[in-house]
Amino acid sequence: MAETKNIMIVGVGGQGTLLTSRILGGIILTAGYDVKLSEVHGMAQRGGSVVTFVRYGEKVAEPIVEEGQADVLIAFERLEALRYAHFLKPGGALVVNDQRIDPITVVTGAAQYPENIIEELSKTYKVYSVDAAAEALKLGNSRVFNNIVLGVAAQHMDFSREDWLEVIAKTVPPKTVEINQKAFLVGFEK
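Below you will find a few notes about this structure. (Residues numbered from 1 in each chain as written. Predicted model: local features only at pLDDT ≥ 70, side-chain atom pairs only at ≥ 80, totals over all residues. Heavy atoms only, no water.)

## Considerations on the packing of helix α1 (residues 17-30) against helix α7 (residues 161-171)
Following both chains from N to C, one finds α1 and α7 inclined at 125 degrees, their axes separated by 9 Å at the closest point. Here α7 runs oblique to α1, going by the angle between their axes. Crossing geometry of α1 relative to α7 is assigned as right-handed. Listed contacts from α7 to Leu19, Arg22, Ile23, Leu24, Gly26, Ile27 and Thr30 of α1 are Asp163, Trp164, Val167, Ile168 and Thr171. (Axes fitted to C-alpha atoms, helices over the stretch in contact; angles between N-to-C directions. Helix = DSSP H or I, 4+ residues; strand = E, 2+ residues; numbered from the N terminus. Parallel < 35°, antiparallel > 145°, perpendicular 65-115°, else oblique. Left-handed = near helix turned anticlockwise from the far one by under 90°. Contact = heavy atoms within 4.5 Å.)

Dropping the structure here:
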């Protein structure tokens, strides 16, 4: 692989974007690539926008992904997908957790939450949508939804299922390995 690959993870504070970036960093290192991670926090407490850039390749100079350069954009919430979709390169994959979390401006009535976000995004981008919250509830643990979304996104990356499962096992807390691997497979097999 000569060219650098760019992945963005966007979500809301408390959704597991940082754990997801650690898993991504782990699999990239396992594959022998140079990797740079950069976390950009708006309001990093629960409810604020969180953005993580992951760049990898033979040699990566800087961690920031420019607009129009992301190969994969992983969005843990619909409005965050809308907010950052312009970072995708033509033909890039937009993986969206079909979940609505109202930002403070919507909660206070200062703004409206946009309707039909996924449908609108689908007019311009290759969108892969999953209701990861519902899938996680079926597994009995609502907190593993992020690994379901990651499983969908992993279909657009060049790493084996076994490598993903191994890195998840090394990255998540020991007592949650099995449920997190199951969650990943739910997304990976969609």
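## Focus: the pattern of salt bridges
Overall, the coordinates contain 14 salt bridges when judged by the stated rule. Between Lys190 and Glu135 there is a salt bridge, with its nearest N and O atoms 3.4 Å apart. Of this pair, Lys190 sits in the segment after α8 (177-188) while Glu135 sits in helix α5 (residues 132-139); the two residues are 55 residues apart in sequence, bridging distant segments of the chain. Measuring nitrogen to oxygen at the nearest pair gives 3.5 Å for the salt bridge that ties Lys182 to Glu178. Taken together, the residues span about one helical turn, with Lys182 and Glu178 both in helix α8 at a distance of four residues. Its relative accessible area of 42% is what places Lys182 among the partly exposed residues. (Salt bridge = Lys/Arg side-chain N within 4 Å of Asp/Glu carboxyl O. Buried < 20%, exposed > 50% of the residue type's maximum accessible area, 1.4 Å probe, protein only.)

## A closer look at the nonpolar core
Of all hydrophobic cores here, the largest spans 37 residues; its most connected members are Leu24, Ile74, Met157 and Trp164. For Leu24, the residues in contact, after removing those within four places along its chain, are Ile7, Ile9, Val54, Ile74, Leu150, Met157 and Trp164. (Core = buried A, V, L, I, M, F, W, Y, C linked by side-chain atoms within 4.5 Å.)

## Points about the pairing of strand β5 (residues 88-97)
Burial analysis of β5 places seven of its ten residues in the buried class, which makes it a mostly covered element. Looking at chain direction, strand β4 (residues 70-75) and β5 are connected through five bridges and run parallel. Bridge pairing in β5 links Val72 to Ala93. Considered for its hand, the β-α-β crossover made up of β4, helix α2 (residues 78-84) and β5 is right-handed. (Pairing = 2+ DSSP bridges. Right-handed = clockwise from strand over helix to strand, strands pointing away.)

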